[in-house]
Structure formats: structure tokens, C-alpha cells
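Residue-level structure breakdown
Listed here are the chains, written in short residue letters.
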Amino acid sequence: MLVHMPRPQSQSICPPLRCVAALLVLLADVAGAQPLAPASSASAPPADAAPLPSAAASASAANGNSTSYVIGLVLISAAEYPGSDRNSLKARPVAAYQWGRFRISTSRAGIGGDVAAEVAGPGATAELLRADRWRVGAGLRVDSGRRASSSLRLAGLPDIERTVRGRVYATHTWSRHWQAGAYLSHDLLGKQGGALAGLDLAYRQPFGARSEWSVGVGLQAADGLYMRTYFGITDEQSARTGIAAYRPGAGLRSAAVGVNMSTGLDSHWVAFASASVSTLLGPAAASPLSAKATAPSVSVGLLYRCCK
């Protein structure tokens, strides 16, 4: 994600080379590891509950199946970018494929309130450790950055170019209802993407024979490099656009709360809906690009899931 601004002197949350080395070591360990044991019954959902769309692949793996997949379509109403006062409506494909400990998914395949899928993130991920109620993993994904043409408010600003982000994550399951997770994500190509860290907590509850609802909260923080790339305005950009110059530092980025519901139409088809409200915090909220700090998001969709 390359923007034309001076490289900051402050350190990011995780130096890129150290993150790359750590990720390679972890993935190398996975290559020689033994297959993971099935998940404990304490963390498994009730037998009569339809798993959440995002949990379909992991549930299959826990039951001993070698592969599973999810495909579908989701309709999303959300802000044009974090801080925008304008909403956009988009239709996006959803897909996820899991083979044992390894998973490949799109950016919306974590729909449904499953913390394990949310903190693992999209892209290619590997679950490296499964011990009692703990899960630890690592992954890689392509971050598409941001195009200035996506919003009138960004006119005159440079595009934030795509990059590859590395992520390490961990989840803890207290019961079949409560789950928490944490993650750290870093730009591995040095394209001014910086680092993001997050915490998530969710409560899940089945109702009826095939349905489930969940509620979750999340908190994100970012280093100064990420904040300057996404929320900063250089003197040069200020002169060109008329937007006040702004150089944020590290701090909290956002907080969110959401409600999700899914229902199995049959053994393969799942309908789902989710609604959330997120608000920018700290340096992100103070940015002149943040015309509206708090924004709602609504998603509805239909998925087809299958296991082999």
C-alpha cells in the first residue's frame, strides 16, 4: 500500500522482517506436524443446531472430514470507506475451502459471528496448534488497499496500493456459547500498510432445529504507519486538495458491535443476515477524512455448504 508521504521514524507494532521470519518458522513447523486432534466436545455446538456459515468448514474438520467448502453471495450496505458519510450497496461472492488445518477464503467468508474465522481472517490460513480450548494459527492475504475513486471525499489523494499482509491469531473457547480471539496483522511488503491488532468476543446461541444467532464485540488498534496511510494528510496533499494536513500517531482505531443470524434451509443451503455498528476512535476519529465516525453495516446472503 504505497502512498507518497515521508517514511515515519516511529516503530511499527511488529517489524516486517521479524514478522516474515516468525511466519515462515510457524508454517515450516506445520509442514512436519501431526494431524490435529478433533475439537473437544465442550466447544462443539449442539447436534440439532445448524453451524454458522463461517463455521461450516471448521465444524467439518472437527468431525473428521478431510475437506469442506462454502460458496454463496452476500449483499452489503456499508460506508464507502471507514469514516465516510456516504454508504454503498454491493453484491459480493463468498467462498471458503478447508482441507484439514488449511483454509482459503474470501473476505466475507467469516460472516456469522464465528470468532475463529473472524480473527483468522481471509486469504490462506493454517491452524498451527490445537490444545484443549486454544487455537493458534497464521495466515497470508492480499490487502487491496484503497482507491481514491471509491469516494468523492478522497478525490485528489493517492491510491493506497495493494500489499500482502501476514497474520498470527489465537482463539479461546470457554463453552459452546462463548469464544474470544486476538490477532496481529502486518504489511509484509513494506508498502506503508503498517500493523493492526484486534480483540474479539462473541456469544452464540442456537434456536430451533436449524437456526442460530450470535452477538459480538470487537476492538482494533493500529500503529502510526497504518494511521498515517489511511487517515493522514501530508502537507503536499493538503495543498492539492484543500483538506487540512494531519499526521496521526498510533492508537485505537475502532470499536464495533454486531448481531448475526443464520438458518439452515436444508442440509446444504443456509440463509443469513447480520447488522453491526462501528465507530472510529482516537487518531482515526480525529482525521479530517472521518466525516462520520459511527456507521452501520447490514449484510444478507445465501450460502451453499458441503463436506466430503
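See the structure shown above.
Report on the accompanying structure. (Residues numbered from 1 in each chain as written. Predicted model: local features only at pLDDT ≥ 70, side-chain atom pairs only at ≥ 80, totals over all residues. Heavy atoms only, no water.)

This part is about the packing of aromatic side chains. Two descriptors summarise a pair of aromatic rings, namely the distance from one centre to the other and the angle between the planes of the rings. Applying the stated criterion across every chain yields a total of six aromatic pairs. Note on Tyr226 and Tyr230: the rings are 4.6 Å apart at their centroids and 25° apart in plane angle, and the pair reads as stacked. Placement of both Tyr226 and Tyr230 in helix α4 (residues 224-231) is noted, with a separation of four residues, approximately one turn of the helix. One aromatic cluster in this structure is built from Tyr69, Trp269 and Tyr304. The ring centre of Tyr81 lies 5.9 Å from the NZ or CZ of Arg146, which sits over that ring. Above the face of the Tyr183 ring, Arg167 is positioned so that its terminal group lies 4.2 Å from the ring centre. (Phe/Tyr/Trp six-rings, centres within 6.5 Å; stacked < 30°, edge-to-face > 60°. Helix = DSSP H or I, 4+ residues; strand = E, 2+ residues; numbered from the N terminus. Lys NZ or Arg CZ within 6 Å of the ring centre and 35° of its normal.)

Ordered in space as β1-β2-β3-β4-β5-β6-β7-β8-β9-β10-β11-β12, the 12 strands form a closed barrel in which the pairing is antiparallel. When the angles between neighbouring strand axes are averaged without regard to direction, this sheet yields 20°. Where strand β5 (residues 134-143) and strand β6 (residues 163-173) come together, 10 bridges link them in antiparallel fashion. Looking across to β6, one finds that Val142 is bridged to Val164. Along the sheet face, α4 touches β5, β8 (195-207), β9 (211-222), β10 (251-264) and β11 (269-280) and points at about 75° away from the line of β10. (Pairing = 2+ DSSP bridges. Axes fitted to C-alpha atoms, helices over the stretch in contact; angles between N-to-C directions. Contact = heavy atoms within 4.5 Å.)

Okay, the pairing of strand β12 (residues 294-307) next. Bridging between strand β1 (residues 67-79) and β12 involves 10 bridges; their strand directions are antiparallel. Across the sheet, the residue bridging to Val74 is Gly301, located in β12. Sheet topology note: the β11/β12 ladder contains 11 bridges and is antiparallel. Within β12, the residue paired with Ser278 across the bridge is Ala295.

Once that is clear, we can look at α4. In terms of burial, α4 is largely enclosed, as eight of its eight residues are buried. Taken together, the buried positions of α4 are Gly224, Leu225, Tyr226, Met227, Arg228, Thr229, Tyr230 and Phe231. The elements touched by buried residues of α4 are β5, β8, β9, β10, β11 and α6 (282-285). (Buried < 20%, exposed > 50% of the residue type's maximum accessible area, 1.4 Å probe, protein only.)

The next subject is the pattern of salt bridges. Within this structure, the stated rule accounts for seven salt bridges. Arg141 is paired through a salt bridge with Asp143; the nearest N and O atoms lie 3.8 Å apart. Between Glu212 and Arg204 there is a salt bridge whose closest N-O contact spans 2.9 Å. Among the charged side chains, a network of salt bridges with common partners joins Arg141, Asp143 and Arg165. (Salt bridge = Lys/Arg side-chain N within 4 Å of Asp/Glu carboxyl O.)

Counting through the fold element by element, Gly72 comes out in strand β1. Distance in space between the C-alpha atoms of Gly72 and Gly301 is 7.3 Å, their sequence separation being 229 residues. With sequence-adjacent residues up to four places away left out, Gly72 is seen in contact with Arg92, Pro93, Val94, Leu302 and Leu303.

With respect to the helices, strands and loops of the structure, Ala221 is situated in strand β9. Its relative accessible area of 23% is what places Ala221 among the partly exposed residues. Here Ala221 is in contact with Ala195, Leu196, Ala197, Gly251, Leu252 and Arg253, once residues within four sequence places are set aside.

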